Amino acid sequence: MSVRIVPWLTVWAAVVVVMVRCCPQPCTCVDRAMHNLTNCAYKELENVPTGLPPNTTTLSLSANKIKLLKSKSFVNVTQVNSLWLAHNEIVTIERDTLAPLIQLKNLDISYNKIVNFPWEDLQNLTALQLIKMNNNEMVSLPKDAFSTLVDLRSLRINHNKFTTIVEGTFSPLSSLSHLQIFNNPFLCTCDLVWLRDWIATTKISVPDLQNIVCDSPDLLQGMQVTDMPELRCPVVSNTELSDREGAALNGATVVFNSSLFFIPYSLFLILNM
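Here the structure is a predicted model, which is why all the values come from computation and not from measurement.

### Examining helix H2 (residues 193-201)
Then comes step 1: Considered for burial, the residues of H2 that qualify are Val193, Trp194, Leu195, Arg196, Trp198 and Ile199.
Then comes step 2: Elements that come into contact with the buried residues of H2 comprise strand E10 (178-180).

Here it is in structure tokens:
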């Protein structure tokens, strides 16, 4: 009996050695039937480690000192369905960095310093259910950023520097149930009227309405987007618009970043009392 056991012990030991060798230092790797965790969190890492186990399904790189995500960072771990990158120092994510992760369901890049995000990478990630992008420095959100994410359930883009959100941005998100957009410096012109009306009618949970406020123009600064006054928004060509943000015309018509809106004079008096 013991003679038969020894070969099996040898094989088991060899498997363990291989598994250990596949786990880069200083990470820890835990393999289970349907869940393979590679935990590299809180390790003072400045780069994504090489040699990550190809069968990794959950990869945690949270709370490190990573500043740059290179385009080939995850090409060998395409089975990852949960990627945690919160609380790093990420400024740049190169194009095609996330695109290979076609099984990704959960993406957390919150609490970084990201300005420009490779939105086109999301087109491939149709399995996504959770995106946490909050607490970054992002300024631009393309209308088609989420156009393929029909399974997305929770989206958090609060605490960024978005000044506007284009009408139709959230339309493809047929499974969305939770949306965080508060604490962005919104420019409350005609371009944002749709958001005021959409929040009032959507069945999607949009929390912290008191912090979804206008940052400009000065006339509406601090006002909740949902409390924006009725604005008469004529169709005006760009050539007719003033280049000067905040220029006042006849005391009633104001131009802000190529958006024109009208405020009744009575409301103007009330807001300035």
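Back to the write-up after that little detour.
### Let's talk about the environment of Trp194
Then comes step 1: Within the fold, Trp194 resides in helix H2.
Then comes step 2: Its relative accessible area of 11% is what places Trp194 among the buried residues.
Then comes step 3: Taking C-alpha positions, Trp194 is 9.2 Å from Gly168, a pair spaced 26 residues apart along the chain.
Then comes step 4: The residues touching Trp194, leaving out its near neighbours within four places in the chain, are Ile165, Val166, Glu167, Gly168 and Phe170.

### Things to note about the pairing of strand E2 (residues 36-39)
Then comes step 1: Residue alternation in E2 divides its side chains into a buried set, Asn36 and Thr38, and an unburied set, Leu37 and Asn39.
Then comes step 2: Here strand E1 (residues 28-31) runs beside E2; their pairing, made up of 4 bridges, is antiparallel. Within E2, the position partnered with Thr28 by the bridge is Asn39.
Then comes step 3: Hairpin remark: E1 followed by E2, antiparallel, with 4 residues in the connecting loop.
Then comes step 4: Of the pairings in the sheet, the one linking E2 to strand E3 (residues 58-60) comprises 3 bridges and is parallel in character. Opposite Asn39, over in E3, you have Ser60 as the bridge partner.

### A closer look at the confidence of the model for the chain
Caution is warranted with low-pLDDT regions, since their predicted coordinates should not be read in detail.
Then comes step 1: Chain-level statistics for the chain give a pLDDT mean of 84 and a share of 78% at 70 or above.
Then comes step 2: When the criterion is pLDDT under 50, residues 5-21 qualifies, and its contacts beyond four places in sequence or with other chains add up to 1 contact.
Then comes step 3: Low pLDDT, under 50, characterises residues 236-273; the predicted model gives this stretch 63 contacts beyond four residues in sequence or across chains.

Reading the values: rules and limits
Each chain has its residues counted from 1, following the order in which its sequence is written. Whole-chain, interface and lining totals are the exception, using all residues; otherwise, since this is a predicted model, local features are given only for residues with pLDDT of at least 70 and side-chain atom pairs are given and counted only at 80 or more. To obtain the side-chain values, all non-hydrogen atoms of the structure were included, while hydrogens and water were left out. For the exposure calls, accessible area comes from a 1.4 Å probe over protein chains only, and a residue counts as buried if that area is under 20% of its type's maximum, exposed if over 50%, partly exposed in between. Counting from the N terminus, the helices are the DSSP runs of H or I reaching at least four residues and the strands are the DSSP runs of E reaching at least two. Note on contacts: a residue pair qualifies if any of its non-hydrogen atoms lie within 4.5 Å across the two residues. Strand pairing follows a simple DSSP-based rule, namely that at least 2 bridges must link the two strands. Each residue carries a pLDDT value, the predictor's own confidence for that position, ranging from 0 to 100.

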